[in-house]
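# A structural walkthrough
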Amino acid sequence: MTTIPLPSTGRRLALAASALLAVLAGPALANKPGYVEARRGDAPAMTTIAGSPLTVLVGAEHSFQIVNDQVPGSGQIFPSQTTGLADMGWMVRAGGTLYTPDFGSHPAGTATSGLGSVTPYAAGTISGPAGSGSEADPFVVTVEAALGGSGLTSRQEVRYVNGKNFFTKRFTLTNTGAAPQTVQIYLGGDIYLAASDSGIPYREAASGSPGGSDCGSPASYYILYIPQTPADRYTGNGYSTVWSQIGSGDLDGALASPSCMDNGAALQWNRTLAAGASVTILAATSFGEIPSIAQFDVSSVTPASGAQGATVPVTIRGIGFADGMSVAFGSGISVADLDVVDAATATATLTIAADATVGPRDVTGTNAGGTLTATLRNGFQVTGSGGPPTDPFTLTRVTPAAALVGATLQVTLQGTGFASGMTVAFGDGITVSNLAATGATTATATLAIAADAVPGPRTVTGTNAAGDQNASLPNGFTVLAGSGEPPAAQAVPSLGLSGLMLLMLGLAAAAWTIFRR
């Protein structure tokens, strides 16, 4: 194919038009109250899940931008550029400090000044995307970051399955300190509905999911924050009001009056973490039609395992539960006495056959009307009839999962086949002492991380007491860089009128210069 160059005048017009569009775009952003340009400096690290219909941009400081290929050319979070991070993310208030993504360093700027004084997360690590994007092997991005010197660390797993109009997030907060901490965890954003910065506040009643719908009549496009872990509070309001509510400490638990506005939404979870304890929050965000996950979902089963031949009472959690629903655990497991406690909780009794196949099971639920189904992958596991002591030796989790260089801390290990005499290792620069098996599935140990230990994820390895079985947990623990001192709190700066005028004049001059060439 031969490319025909534009005539000289055509090139001038094209370049001038591009410059003029930049001039016009500047005021569009700057006229939004609270908008400020990006600070000088490096933007946060970012990983892209290139899925379909959603492309999910994930920041190393728990921020996002989402592009829906059904609405090409427009990010679904403000600022609406499609190549960088935007005004959405996880935020945590602890000890009077609000820890947030580093919104002020996002290349397209930010309109989050309503948050007030904030402290960005300490420099984090991001890995992925792993996976193929299928239901059985979803795309996964993992983010880990510390919250300054608070003694809290955070870990997030972002998952996306091609073909879905939503993606899920698993946010874990761990208290590595010696004293309990009370925290508020927020997930929120300045939503950009389809190709417009205006929408109508909306809440999906079954799941309590706040967000917005487009301003059409009837509405055809929704953005929803879906609390797979039931939230304590929510809001759907003008974007600046959402930020100011987070900044003041509590969301108002209400929707603004249904009118077309520049809107946003957020969720809030209140938790108290004992020393060494963790909490995990599950949430999803959807774009377009209201997905079934916002109306009916199964999110957890407790306990999550049972032995062959056992009868196990379980508690099932999710959303949209009602009398008449059903759940199934696969071949060899019968379900009896299913009782819906409330819209998010049900109880049941499982009878596991003596010859039920050992291993993980998907838990499938069907809503009361029989119109919606939900699947919790690997939500329950059948173990051998001898119980956990005869299970193979495995390592499945370390809590807390991260700590700063130079730290000394106690960790809890989870797995199977634990017994006195087992050993574990965390790699160079980490000394393990006081290892004690507290049961067949749990153990505790003290870690001493050298000041010169190399930051980054570690594979945790172990050997059982008999010395005949080994196990490993890839990326089971992360060494975090930093001294432990919190970064100085900073308020998002404001852009003065004079600065805006200088920017506009400069861009206009550039356009004129190009046109005259």
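Not measured: the values here are computed from a predicted model. (Residues numbered from 1 in each chain as written. Predicted model: local features only at pLDDT ≥ 70, side-chain atom pairs only at ≥ 80, totals over all residues. Heavy atoms only, no water.)

Attention now moves to the nonpolar core. If you look at the biggest cluster of nonpolar residues, it comprises 44 residues, and the most contacted ones within it are Val56, Phe64, Ile66, Trp90, Phe167, Leu173 and Ile185. Beyond its immediate stretch of four places on either side in the chain, Ile185 contacts Trp90, Met91, Val92, Phe171, Leu173, Leu267, Gln268, Trp269, Val279 and Ile281. In terms of nonpolar packing, the next biggest core, distinct from the first, is built from 23 residues, Ile316, Phe329, Leu376 and Val382 among them. (Core = buried A, V, L, I, M, F, W, Y, C linked by side-chain atoms within 4.5 Å. Buried < 20%, exposed > 50% of the residue type's maximum accessible area, 1.4 Å probe, protein only. Contact = heavy atoms within 4.5 Å.)

A few words on the state of the cysteines. This structure, assessed with the given rule, holds one disulfide. The side chain of Cys215 participates in a disulfide bridge whose partner is Cys260; the two sulfur atoms lie 1.8 Å from each other. As the torsion about the S-S bond is roughly 90°, the Cys215-Cys260 disulfide counts as right-handed. In this pair, Cys215 is assigned in the loop between strand S13 (209–213) and strand S14 (222–226) and Cys260 in the loop between strand S16 (254–255) and strand S17 (263–273), connecting sequence segments 45 residues apart. Relative accessible area serves as the criterion here: at 34%, Cys215 is assigned to the partly exposed category. (Disulfide = S-S within 2.5 Å. Helix = DSSP H or I, 4+ residues; strand = E, 2+ residues; numbered from the N terminus.)

With that settled, the discussion passes to the packing of aromatic side chains. Tallied over the full model, the rule gives eleven aromatic pairs. When the ring of Phe296 is compared with that of Phe321, the centres are 6.0 Å apart and the planes differ by 50°; the resulting orientation is tilted. Here Phe296 is found in the loop between strand S18 (278–288) and strand S19 (297–302), whereas its partner Phe321 is found in the loop between strand S21 (311–319) and strand S22 (326–328), with 25 residues between them in sequence. Among the residues examined, Phe321 registers a relative accessible area of 6% and is labelled buried. (Phe/Tyr/Trp six-rings, centres within 6.5 Å; stacked < 30°, edge-to-face > 60°.)

Further remarks concern the pattern of salt bridges. All told, the structure shown has nine salt bridges when counted by the stated rule. A salt bridge links Lys32 to Asp262; the shortest N-O distance between them is 3.1 Å. Of the two residues, Lys32 is situated in the loop between helix H1 (8–30) and strand S1 (46–50) and Asp262 in the loop between S16 and S17; the sequence distance between them amounts to 230 residues. When the shortest N-O distance is used, the salt bridge between Glu157 and Arg159 registers 3.0 Å. According to the relative accessible area criterion, Glu157 is buried, its value standing at 17%. A single salt-bridge network, built from bridges that share partners, covers Lys32, Asp190, Asp197 and Asp262. (Salt bridge = Lys/Arg side-chain N within 4 Å of Asp/Glu carboxyl O.)

Moving on, we come to the confidence of the model for the chain. In the predicted model, the chain carries a mean pLDDT of 85, and 86% of its residues have values of at least 70. In the model, residues 1–27 has pLDDT below 50 throughout and makes 18 contacts with residues more than four positions away in sequence or in other chains. Confidence drops under a pLDDT of 50 for residues 483–503, and excluding neighbours within four residues, the segment shows 35 contacts in the predicted structure. (pLDDT = per-residue confidence, 0-100.)

Our focus in this paragraph is the side chain of Lys32. Look at Lys32 and you get buried, because its relative accessible area is 6%. At 2.8 Å, the side chain of Lys32 forms a polar contact with the side chain of Asp197. (Polar contact = N/O pair within 3.5 Å; in protein donor to acceptor, adjacent residues only side chain to side chain.)

In space, the four strands of this open sheet follow the order S27-S29-S32-S31, with antiparallel pairing throughout. With partners counted over all chains shown, the strands left at the sheet margins are strand S27 (394–399) and strand S31 (430–437), one partner each. Pairs of neighbouring strands in the sheet enclose a mean axial angle of 30°, with direction left out of account. Here six bridges tie S31 to strand S32 (residues 442–449), and the two strands are oriented antiparallel to one another. Counted as the bridge partner of Ile430 is Ile449 from S32. (Pairing = 2+ DSSP bridges. Axes fitted to C-alpha atoms, helices over the stretch in contact; angles between N-to-C directions.)

Residue position: Thr100 is located in strand S5 (residues 97–100). In this view, Thr100 contacts Trp90, Met91, Leu115, Val118, Thr119, Pro120 and Tyr121; residues no more than four positions away in its chain are not counted.

Summarising the sheet, S22 and strand S25 (residues 359–366) pair through three bridges and their orientation is antiparallel. Residue Val327 lies in a different strand from S25, and its bridge partner there is Gly365. The pairing of S25 with strand S26 (residues 373–383) spans seven bridges and is classified as antiparallel. What sits directly across from Val363, in S26, is Leu376.

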